[in-house]
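Here is what each chain is made of, one letter per residue.
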Amino acid sequence: LKGIAEGNLNAAVVDCCIGIPVYFTDLQRRAVLDAATIAGLRPLRLFHETTATALAYGIYKTDLPENDQLNVAFVDVGHASMQVSVVGYKKGQLKMLSHTYDRSLGGRDFDEALFKHFAAKFKEEYKIDVYRMRVHALGCAWHVRNLRRC
């Protein structure tokens, strides 16, 4: 990554801020910092990924309220986990109100729920049990993944 950044910027890259999942333990955070140092970087700060997203969202907004707080939720659904942050914005201010995560709920769980739903529909309408025929199960799973990407 350092090489890619230096190539794109045509300049040396030393200082960096790194986005990490909310659920990283202290040991994992230290490992990220050590890896960055080994790569020749000077990590200035670790940011939760959803905090970095909130910062990127609010930094260029010019229509933030002066007095009232605008609350925005940021949801990051990965394959196997989910992170949520709620941030309050005022003109020139960002306040992290809450963040949480679930390491056992992610996109694969949504895929499974959709697969079960459509398998039941397929059995009801066409009298075909996709669980008994591997080719149908794989086809249904493929379509479910594509459906989620819409």
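The structure under discussion appears in the preceding block.
First, a word on scope: everything that follows refers to the structure included in this document.

Thoughts on the pairing of strand S1 (residues 15-20)
Successive side chains on a regular strand alternate, one facing one side of the sheet and the next facing the other.
Alright, step 1. Side chains Cys16, Ile18 and Ile20 of S1 all project onto a buried face; the interleaved residues Asp15, Cys17 and Gly19 project onto a face where none is buried.
Alright, step 2. Note that S1 and strand S2 (residues 42-48) share six bridges and pair parallel. Residue pairing for S2: Ile18 is matched across the bridge by Leu46.
Alright, step 3. Considered for its hand, the β-α-β crossover made up of S1, helix H2 (residues 26-38) and S2 is right-handed.

Description of the sheet that holds strand S5 (residues 93-102)
Alright, step 1. If you walk across this open sheet you meet the three strands as S3-S4-S5, and the pairing is antiparallel. At either margin of the open sheet sits one strand with a lone partner, and together these are strand S3 (70-77) and S5. In this sheet, adjacent strand axes meet at a mean angle of 15° when their direction is disregarded.
Alright, step 2. Of the strand pairs in this sheet, strand S4 (residues 82-90) and S5 are connected by nine bridges, and their pairing is antiparallel. Bridged to Val87 within S5 is Met96.

What to know about the packing of aromatic side chains
Geometry of an aromatic ring pair is reported as the spacing of the ring centres plus the angle between the planes.
Alright, step 1. Counted according to the given criterion, the structure contains six aromatic pairs.
Alright, step 2. Ring geometry for Tyr23 versus Phe24: centroids 6.2 Å apart, planes at 65°, classification edge-to-face.
Alright, step 3. With a relative accessible area of 17%, Tyr23 lands in the buried category.
Alright, step 4. On the numbers, 5.7 Å between centres and 50° between planes, the contact of Tyr23 with Tyr101 is tilted. Here Tyr23, found in the loop between S1 and H2, pairs with Tyr101, found in strand S5; they are 78 residues apart in sequence, far enough to count as distant.
Alright, step 5. On the basis of relative accessibility, which here comes to 42%, the residue Tyr101 falls in the partly exposed class.
Alright, step 6. If you follow Arg45 out to its NZ or CZ, it ends over the ring of Phe47, 5.4 Å from the centre.

Overview of the pattern of salt bridges
Alright, step 1. In this structure the tally under the stated criterion is seven salt bridges.
Alright, step 2. A salt bridge links Glu112 to Lys116, with the nearest nitrogen and oxygen atoms 3.2 Å apart. Of this pair, Glu112 and Lys116 both sit in helix H4 (residues 107-126), four residues apart, which is roughly one turn of the helix.
Alright, step 3. The class of Glu112 is partly exposed, set by a relative accessible area of 42%.
Alright, step 4. On the accessibility criterion, Lys116 (45% relative accessible area) is partly exposed.
Alright, step 5. With its nearest N and O atoms 4.0 Å apart, the salt bridge here joins Lys123 to Asp129.
Alright, step 6. Look at Asp129 and you get buried, because its relative accessible area is 19%.

Regarding the environment of Arg108
Alright, step 1. Along the chain, the position of Arg108 falls in helix H4.
Alright, step 2. On a C-alpha basis, the gap between Arg108 and Asn10 in space is 40 Å, while along the polypeptide they are 98 residues apart.
Alright, step 3. Setting aside chain neighbours within four positions, we find Arg108 in contact with His79 and Ala80.

A look at the side chain of Ser85
Alright, step 1. Checked against the element boundaries, Ser85 lands in strand S4.
Alright, step 2. At 2.5 Å, the side chain of Ser85 forms a polar contact with the side chain of Thr50.

Comments concerning the state of the cysteines
Alright, step 1. This model, assessed by the stated rule, comprises zero disulfides.
Alright, step 2. Among the cysteines around Cys16, which has no disulfide bond, Cys17 carries the closest sulfur, lying 6.8 Å off.

About the thresholds
- Residues numbered from 1 in each chain as written.
- Predicted model: local features only at pLDDT ≥ 70, side-chain atom pairs only at ≥ 80, totals over all residues.
- Heavy atoms only, no water.
- Buried < 20%, exposed > 50% of the residue type's maximum accessible area, 1.4 Å probe, protein only.
- Helix = DSSP H or I, 4+ residues; strand = E, 2+ residues; numbered from the N terminus.
- Pairing = 2+ DSSP bridges.
- Right-handed = clockwise from strand over helix to strand, strands pointing away.
- Axes fitted to C-alpha atoms, helices over the stretch in contact; angles between N-to-C directions.
- Phe/Tyr/Trp six-rings, centres within 6.5 Å; stacked < 30°, edge-to-face > 60°.
- Lys NZ or Arg CZ within 6 Å of the ring centre and 35° of its normal.
- Salt bridge = Lys/Arg side-chain N within 4 Å of Asp/Glu carboxyl O.
- Contact = heavy atoms within 4.5 Å.
- Polar contact = N/O pair within 3.5 Å; in protein donor to acceptor, adjacent residues only side chain to side chain.
- Disulfide = S-S within 2.5 Å.

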